[in-house]
Amino acid sequence: MPEGPSIVILREALSPFKGKTVVEASGYAGIDYTRLSGRRITAIKSWGKHLLICFSGFYVRVHLMMFGSYFINERKRAGNPTLRLSFARDEVNFHTCNVKLFEGSPDDTYDWSADIMSDEWSAAGTKKKIKALKKNTSVCDLLLDQTIFSGSGNIIKNEVLFRTCIHPKSLSGSLPDKQLNALIKETRNYSFDFLKWKKAHVLAKNWQIYTKKECPRCQIPTEVAYLGKGMRITYFCNNCQQLYAS
DNA sequence: GATAATGTTAGCAT
DNA sequence: AATGCTAACATTAT
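The model shown is predicted, which means the values in this text are computed figures rather than measured ones.

1. Looking at the sheet that holds strand β1 (residues 24-26)
Phase 1 of the analysis: Overall, antiparallel pairing links the four strands, which are arranged β1-β6-β7-β5 in an open sheet. Bordering the open sheet on either side are β1 and β5 (69-72), each of which pairs with just one other strand. Averaged over all adjacent pairs, the angle separating strand axes in this sheet is 10 degrees, with direction ignored.
Phase 2 of the analysis: Running over the sheet, helix α1 (residues 4-14) touches β5 and β7 (91-95) and is turned about 20 degrees from β5.

2. Notes on the pattern of salt bridges
Phase 1 of the analysis: Scanning the model with the defined rule gives 10 salt bridges in all.
Phase 2 of the analysis: A salt bridge links Glu12 to Lys199, with the shortest nitrogen-to-oxygen separation between them at 3.1 Å. Residue Glu12 is found in helix α1, and its partner Lys199 is found in helix α5 (residues 177-199); the two are separated by 187 residues along the sequence.
Phase 3 of the analysis: Using a relative accessible area of 42% as the deciding quantity, one classes Lys199 as partly exposed.

3. With respect to the nonpolar core
Phase 1 of the analysis: Within the largest apolar cluster, 34 residues are counted, with the highest numbers of intra-cluster contacts made by Ile130, Phe149, Ile166, Leu175, Leu183 and Tyr190.
Phase 2 of the analysis: When residues of this core are traced back to their parent elements, those giving at least two are α3 (139-142), α4 (154-163), α5 and β10 (232-236).
Phase 3 of the analysis: At seven residues, α5 tops the list of elements feeding residues into this core.
Phase 4 of the analysis: If near-sequence neighbours (up to four positions away) are discounted, Leu183 is found in contact with Leu142, Leu143, Val160, Leu161, Thr164, Ile166 and Leu175.
Phase 5 of the analysis: Of all hydrophobic cores here, the second largest spans 26 residues; its members include Ile7, Val22, Leu51 and Leu85.

4. Description of the domain arrangement of chain A
Phase 1 of the analysis: Partitioning chain A into domains gives domain 1 (4-108) and domain 2 (114-236).
Phase 2 of the analysis: Just the C-alpha atoms count here: the centres of domain 1 and domain 2 sit 29 Å apart.
Phase 3 of the analysis: Taken residue by residue, the interface counts 11 residues in domain 1 and 15 residues in domain 2.
Phase 4 of the analysis: Of the roughly 1,000 Å² buried at the junction of domain 1 and domain 2 (both faces included), carbon and sulfur atoms supply 66%.
Phase 5 of the analysis: Looking only at domain 1, the three residues that lose the most surface to domain 2 are Pro5, Trp47 and Lys49, adding up to 47% of its buried area.
Phase 6 of the analysis: Linking domain 1 to domain 2 there are one salt bridge.
Phase 7 of the analysis: At the boundary of domain 1 and domain 2, one finds five residue pairs in polar contact (both at pLDDT 80 or more).
Phase 8 of the analysis: Counting only elements with at least two residues in the side of domain 1 that touches domain 2, the list comes to α1 and β2 (43-47).

Analysis parameters
Residues numbered from 1 in each chain as written. Chains lettered and ligands numbered in written order. Predicted model: local features only at pLDDT ≥ 70, side-chain atom pairs only at ≥ 80, totals over all residues. Heavy atoms only, no water. Pairing = 2+ DSSP bridges. Helix = DSSP H or I, 4+ residues; strand = E, 2+ residues; numbered from the N terminus. Axes fitted to C-alpha atoms, helices over the stretch in contact; angles between N-to-C directions. Contact = heavy atoms within 4.5 Å. Salt bridge = Lys/Arg side-chain N within 4 Å of Asp/Glu carboxyl O. Buried < 20%, exposed > 50% of the residue type's maximum accessible area, 1.4 Å probe, protein only. Core = buried A, V, L, I, M, F, W, Y, C linked by side-chain atoms within 4.5 Å. Domains from an automatic or database assignment. Buried area = accessible area lost by both parts, 1.4 Å probe. Polar contact = N/O pair within 3.5 Å; in protein donor to acceptor, adjacent residues only side chain to side chain.

Here it is, written out as structure tokens:
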């Protein structure tokens, strides 16, 4: 389900629970659920694909992975939740996700400037991190690297490379400054389009290259390949996406 | 019913 | 020591 923008939607949906006290927590994540009982939620935050439910002195990280789902004041038909938070009048259920409790505050460990959806996101900081990478890092891996583009996923990768006319087999160290800047800027920009379209339930309708059989610019058939370390599916146009890999 | 898909990481191997 | 690869996990639509 989730790339960064989808987690922003989740964070916003849970924002009314800030200040509320957890009456009981349960599930099969294996965390110490008793820690949450009677504790007040101090903040609902997110970092990339991580949802952070914050309490005084600790926080719970929820990662929806590939198939995670959540239900607010309703329950999934089948299956037990990984995490259930029961409040006086409400209930939140998370299914099929990775849940972990951390001591301290998210500020201790998270680099907010890496989060493509954050107010603190930094283009300059992102560029600096990319420059520090090996020059032969593929742009496919780059756009899925959560320490650099926290929240970017496979859809964002595909659409951003198409929008910036960069061939997915390009290497980070071979990108001219102009293209590198465009890549960084467009990753954030598209992510906010993603958020807007996801909220309006028209995300897939606005895909230009992802899952497409034909390039919307050239009308020639798109290429499909499994690229990068993770061999993730990649759609691109061989004609209008320029290869930088000298 | 098989397949593949918006993801990550522990653990082993090099 | 650092890097790389694989298996594992879990759900749902096609």
